[in-house]
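The lines below spell out each chain.
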Amino acid sequence: MTDAEVVEMYNQILDSQWALLQQWDKTVVEEPPGEKQIDYHENADQWVPRGDLLRCIIDDGGPNGEVIIHVDDQELSLAEFGRLLSVHAGWGMRIAFVPEEFVTENPTVKVRKPQRRKGRVKW
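These figures come from a predicted structure and were not determined experimentally.

(A) Layout of unusual backbone geometry. With a phi close to 55°, aspartate 45 is a non-glycine residue in the positive phi region. Relative to the helices and strands, aspartate 45 resides in the loop between β1 (38-41) and β2 (46-49). Positive phi is not limited to glycine here, since aspartate 72 has a value of about 55°. Inspection of the secondary structure assignment puts aspartate 72 in the loop between β4 (68-71) and β5 (74-77).

Now the structure itself:
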């Protein structure tokens, strides 16, 4: 292929990606509570999300206080969770931190600068 052909093919790929993006209706699929949110794929040796939204619990009970991410009944290390996220490489994500008891609910989102909370530890 010539350089011009490579550039033309690359531009066609970008145009196709843009067209798909414009068609996206901004709907994400969430597995219902009680259903599996992730599947293990043995051939890839990694966990993969079943939908587009994950309900997770953060724990610091790993070795040396390492963070563990709980998805359903699975405990994922940061490395395993990172591999799970890699299937969406090139996408973005928004993370809302809520108390564990409210992880199945959609919180109200306010766009503003965070306010300092009283009694919050300063680092």
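(B) Main features of the layout of surface pockets. Space inside the largest pocket adds up to approximately 1600 Å³. Around the largest pocket, the lining is made up of 38 residues, and of these Leu53, Leu54, Arg94, Ile95 and Ala96 lie nearest the centre. Elements supplying a minimum of two residues to the lining of the largest pocket: β3 (57-59) and α2 (78-85). When residues of the lining of the largest pocket are assigned to their parent elements, the largest contribution, three residues, is made by α2. Of the residues belonging to the lining of the largest pocket, the class tally is 24 nonpolar, seven polar and seven charged.

(C) Region of the structure containing a nonpolar patch on the surface. On the surface, a nonpolar cluster with roughly 600 Å² of combined accessible area is contributed by Trp18, Leu21, Trp24, Val28 and Trp91. Locating valine 28 in the fold gives a position in the loop between α1 (3-23) and β1.

(D) Examining the pairing of β1 more closely. Summarising the sheet, β1 and β2 pair through four bridges and their orientation is antiparallel. Each residue of the ladder has a partner; that of aspartate 39, found in β2, is valine 48. Between the antiparallel neighbours β1 and β2 lie four residues, among them aspartate 45 with a positive phi of about 55°.

(E) Fine view of the sheet that holds β4. The strand order across the open sheet built from three strands is β3-β4-β5, with neighbouring strands paired in antiparallel fashion. Only two strands of the sheet have a single partner each, and these edge strands are β3 and β5. Across the sheet, the mean angle separating the axes of adjacent strands is 30° when strand polarity is ignored. Two elements, β4 and β5, share four bridges in a ladder whose sense is antiparallel. Residue pairing for β5: isoleucine 68 is matched across the bridge by serine 77. Each of β4 and β5 is contacted by α2, which is oriented at about 95° to β5, the strand it contacts most.

(F) Highlighting the side chain of glutamate 31. Checked against the element boundaries, glutamate 31 lands in the loop between α1 and β1. A distance of 3.4 Å separates a polar atom in the side chain of glutamate 31 from a polar atom in the side chain of arginine 50. Aside from chain neighbours lying at most four places away, what touches glutamate 31 is Lys36, Gln37, Arg50 and Arg55.

Reading the values: rules and limits
Residues numbered from 1 in each chain as written. Predicted model: local features only at pLDDT ≥ 70, side-chain atom pairs only at ≥ 80, totals over all residues. Heavy atoms only, no water. Helix = DSSP H or I, 4+ residues; strand = E, 2+ residues; numbered from the N terminus. 1 Å grid on protein atoms, 1.4 Å probe; cavity = no way out; pocket = protein on both sides within 12 Å on 5 of 7 lines; lining within 4 Å. Points joined across faces, edges and corners; volume = space filled by probe spheres on them. Nonpolar A, V, L, I, M, F, W, Y, C, P; charged D, E, K, R; others polar. Patch = residues over 30% accessible without salt bridge, like charges linked within 9 Å, V, L, I, M, F, W, Y side chains within 5 Å. Areas by Shrake-Rupley, 256 points an atom, 1.4 Å probe, with all protein chains shown as cover. Salt bridge = Lys/Arg side-chain N within 4 Å of Asp/Glu carboxyl O. Pairing = 2+ DSSP bridges. Axes fitted to C-alpha atoms, helices over the stretch in contact; angles between N-to-C directions. Contact = heavy atoms within 4.5 Å. Polar contact = N/O pair within 3.5 Å; in protein donor to acceptor, adjacent residues only side chain to side chain.

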